[in-house]
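Structure assessment
Below are the chains, spelled out letter by letter.
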Amino acid sequence: MRVLITGAAGFLGSHLAERFLREGHEVVGVDNFITGSRENAEFLYGFDRFRLTERDVSQPFFIQGELDGVLHFASPASPVDYLELPIQTLKVGSLGTHNALGLAMAKGARFLLASTSEVYGDPQVHPQPETYWGHVNPIGLRGVYDEAKRFAEAMTMAYHRYHGVETRIVRIFNTYGPRMRPGDGRVVSNFIMQALRGEPLTIYGNGSQTRSFCYVEDEIDGIYRLFHSERREPVNIGNPNEFTVRDLADIVLEETGSGSKVEPFPLPEDDPKVRRPDITVARDLLGWEPRIQLREGIRRTLPYFRDELERHDARARTIQ
Ligand code: NAD
Ligand code: UDP
């Protein structure tokens, strides 16, 4: 197969590209490097079946040659990023999805949308099954991301129903692992970097809000299976083991052996109080469930962040 991955220089896009390449496929990556980086995808150049082109997919774009799949992962994903880039986030979720769907239609390719647990907003049903319509504040700060993804899902289903495009939608729940940007502002990267630097861990609110964290290798495996399945409606892919933010801080402190303290900060607007996927559909239809639990996943992630910290410190020494 020859597949296009938008956002291939990002955290998930680069892992997904690696999976397709390891399975023997050809990957064309496009990215505008707004939250990703060339270095993130650097190791992929070791595969001669990979190429990466700089493109803003919110502008109309075309790819030469045949494509069997279009996997649309381009979008700022960390709350800090999408709050800094509200218009770009709305554009890549709406115009970018439209452009990627148009390309999939022109090529007769299967399309997969990277959607999110944020379509459920601050959920009033817990855990969240795919049938839940969500509880989103359209005009709140997080609305730029949530509504862009909800629009993207609607557009994807319309292309399927109206144009007959083969479509798949994955609702991704908090995923972490190597190749996250250390400064992306997400809770796992923040806590690990703070613990390694001996700085206080910044807990927003009282830390009782929950998330269900999925290790990247598990997440990619679920997405890869979904892409090859016949399921057209959205599927939750995430780890259903739920933790408070305070639990996560404790695990990071234990696994790093850090003496950092924790420091409370205000809870951001509309921050979901709970989040946990119901993965019955993924289990039954894809035979998928996560294998790597949080503590083990954090252990596997730490060497990457230690290297990043060393590289950062070495660069700072060179500049001095
Ligand atoms: P990321 O920020 O690491 O990667 C996103 C990539 O998209 C970056 O390389 C960025 O430069 C690129 N991009 C953004 N706008 C673009 C545009 N207009 N044109 C071309 N490239 C563009 O984020 P991630 O965590 O890898 O997330 C990837 C996808 O998965 C996103 O669509 C996100 O919404 C979704 N998702 C991720 C998570 C998670 O926990 N990581 C959870 C839910 C959904
Ligand atoms: N959070 C925190 N400290 C941080 C970053 C995040 O307590 O330094 C909290 C945040 O308020 C949220 C949870 O951790 O309740 C997950 O935040 P993240 O930005 O990783 O992703 P979200 O699930 O909110 O999209």
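Above this text sits the structure in question.
Residues numbered from 1 in each chain as written. Chains lettered and ligands numbered in written order. Predicted model: local features only at pLDDT ≥ 70, side-chain atom pairs only at ≥ 80, totals over all residues. Heavy atoms only, no water.

With that settled, consider the overall build of the chain. The number of helices and strands found in the chain is 9 helices and 13 strands. Radius of gyration (C-alpha) of the chain: 19 Å, near the 20 Å computed for a compact globule of 320 residues. Expressed along its principal axes, the backbone C-alpha trace of the chain runs to roughly 55 × 50 × 35 Å. For the chain, the share of sequence-separated contacts (at least 6 apart) that also reach a separation of at least 24 residues comes to 81%. Carbon and sulfur atoms provide 51% of the accessible area of the chain, an area that totals close to 14000 Å². (Helix = DSSP H or I, 4+ residues; strand = E, 2+ residues; numbered from the N terminus. Rg over C-alpha atoms; globule rule 2.2 N^0.38 Å. Contact = heavy atoms within 4.5 Å. Areas by Shrake-Rupley, 256 points an atom, 1.4 Å probe, with all protein chains shown as cover.)

Moving on, we get to the site of ligand 1. Near ligand 1 you find 29 residues, and of these L12, D31, T35, Y145 and K149 are the closest. Separating an oxygen atom of ligand 1 from a side-chain N or O atom of Y145 is a distance of 2.6 Å. Here an oxygen atom of ligand 1 and a backbone polar atom of T175 are 2.8 Å apart. Burial of ligand 1 by the protein chains amounts to 96% of its free accessible area of 820 Å². Mapped by element, the contributors of at least two residues to the shell around ligand 1 are helix 1 (11-22), strand 5 (110-116) and helix 4 (143-163). Per-element accounting of the shell around ligand 1 gives the leading share, 3 residues, to strand 5. (Near = heavy atom within 4 Å. Polar contact = N/O pair within 3.5 Å; in protein donor to acceptor, adjacent residues only side chain to side chain.)

Attention shifts here to the site of ligand 2. In the neighbourhood of ligand 2, 18 residues make up the surrounding shell, with V187, T202, R211, D271 and R275 lying closest. Contact distances for ligand 2 include 3.0 Å between an oxygen atom and a side-chain N or O atom of R142. Residue Y204 places a main-chain N or O atom 2.8 Å away from an oxygen atom belonging to ligand 2. Look at ligand 2: alone it shows 520 Å² of surface, and the protein chains cover 95% of it. Contributions of two or more residues to the shell around ligand 2 are made by helix 5 (187-197) and strand 8 (201-204).

What follows deals with the pattern of salt bridges. This structure, assessed with the given rule, holds 31 salt bridges. Note that R276 and E242 form a salt bridge whose closest N and O atoms lie 3.9 Å from each other. On the criterion of sequence distance, the pair formed by R276 in the loop between strand 13 (262-265) and helix 8 (280-286) and E242 in the loop between strand 11 (235-237) and strand 12 (243-244) is long-range, its members being 34 residues apart. For E242, a relative accessible area of 28% puts it in the partly exposed group. Three or more residues are tied together by salt bridges with common partners; here these are E217, E254, E255, R295, E296, R299 and R300. (Salt bridge = Lys/Arg side-chain N within 4 Å of Asp/Glu carboxyl O. Buried < 20%, exposed > 50% of the residue type's maximum accessible area, 1.4 Å probe, protein only.)

Its location among the elements puts Q194 in helix 5. Among the residues examined, Q194 registers a relative accessible area of 11% and is labelled buried. Side chain to side chain, Q194 and T202 meet in a polar contact 3.0 Å long. Residues within four places of Q194 in sequence aside, it is in contact with E199, P200, L201, T202 and S260.

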